[in-house]
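Reading the structure
This is what each chain is made of:
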Amino acid sequence: MRILVIGGSGTIGRAVVSAFEELGDEVVSAGRSSSPAVDITDPASIRALYDAVGTVDAIVSVTGKVPYVDTASATPEDFAAGYANKLGGQVNLVLLGIAHLAQGGSFTLTTGILAQHSVPGSVIAGTVNGGLEAFLRTAALDLPHGIRINAVSPTIISRPNGHSDLFRGFHAVTAEEAAQAYVRSVYGVETGQVFRVW
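Just so it is clear, the structure is predicted and the values come from calculations on it, not from any experiment.

Conventions adopted
- Residues numbered from 1 in each chain as written.
- Predicted model: local features only at pLDDT ≥ 70, side-chain atom pairs only at ≥ 80, totals over all residues.
- Heavy atoms only, no water.
- Helix = DSSP H or I, 4+ residues; strand = E, 2+ residues; numbered from the N terminus.
- Buried < 20%, exposed > 50% of the residue type's maximum accessible area, 1.4 Å probe, protein only.
- Contact = heavy atoms within 4.5 Å.
- Phe/Tyr/Trp six-rings, centres within 6.5 Å; stacked < 30°, edge-to-face > 60°.
- Right-handed = clockwise from strand over helix to strand, strands pointing away.
- Pairing = 2+ DSSP bridges.

The next thing to look at is the side chain of Thr-111. Mapping Thr-111 onto the fold places it in the loop between β4 (101-110) and α4 (123-139). Residue classification places Thr-111 among the buried residues on the basis of a relative accessible area of 3%. Other than its neighbours up to four places away in sequence, Thr-111 contacts Lys-86, Asn-129, Leu-132, Glu-133, Ala-151, Val-152, Ser-153, Pro-154 and Val-194.

Have a look at this one:
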């Protein structure tokens with residue numbers, strides 16, 4: 001398969017790229033500083049990426065960031081930044097990517113455990129992740145050409161220096177373990193699903 005991975009230079013993204021390459025897939029990895037480059041907050045940048053890459057069998061998004069701030073301190077601008085990046089950016093990857101997917105292709109987005117298991121300061125992340133999960137369930141009902149759409153919701157990723165005290169008691173996984181959920185999404189038959197790696 002020919003797979004476009006957006007965010008392929010991040011911790012999980014690198015593992016996702018490696019997992020598909022190990023299966024013999026042709027992987028095109030794109031991010032802000034790659035060639036081709038993409039800024040998911042800019043629809044023109046997304047269009048340019050898709051035009052440069054052409055038709056693919058799967059589009060995998062392992063990207064998106066949000067501000068971390070407590071509810072009382074959050075501003076409309078903080079929420080707008082989260083919407084524009086992780087939520088709106090990934091929605092636009094789908095809307096603009098439909099024409100660049102082969103028949104029966106798939107989208108895989110990235111949400112996160114904070115949609116279901118909140119910690120202090122995660123009001124924007126939880127809202128955005130929940131919105132993405134609602135979007136994909138609805139989009140799965142009417143995407144054309146047999147296109148499937150799923151998301152991966154990873155927990156925290158194991159790190160040599162540990163984690164914030166906010167995540168005490170959370171089960172951590174390796175980036176390689178999380179990457180297998182993206183493989184499942186692309187190679188499977190399911191649609192409208194959130195694969196939780198907890």
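Right, let's talk about the packing of aromatic side chains for a bit. Here the structure, examined in full by the defined rule, presents two aromatic pairs. Geometrically, the ring pair formed by Phe-79 and Tyr-83 is tilted, given 5.9 Å between the ring centres and 50 degrees between the ring planes. Taken together, the positions of Phe-79 and Tyr-83, both in helix α3 (residues 76-97) and four residues apart, correspond to about one turn of that helix. For the ring pair Phe-167 and Phe-170, a centre distance of 5.2 Å and an interplane angle of 80 degrees mean the geometry is edge-to-face. Judged by its relative accessible area of 22%, Phe-170 is partly exposed.

The next point concerns the pairing of β4. Within β4, eight of the 10 residues are buried, leaving the element largely enclosed by the surrounding structure. Handedness of the crossover joining strand β3 (residues 56-61) and β4 through α3 is recorded here as right-handed. The sheet contact formed by β4 and strand β5 (residues 148-154) spans five bridges and is parallel. Across the sheet, residue Ser-106 finds its bridge partner in β5, namely Arg-148.

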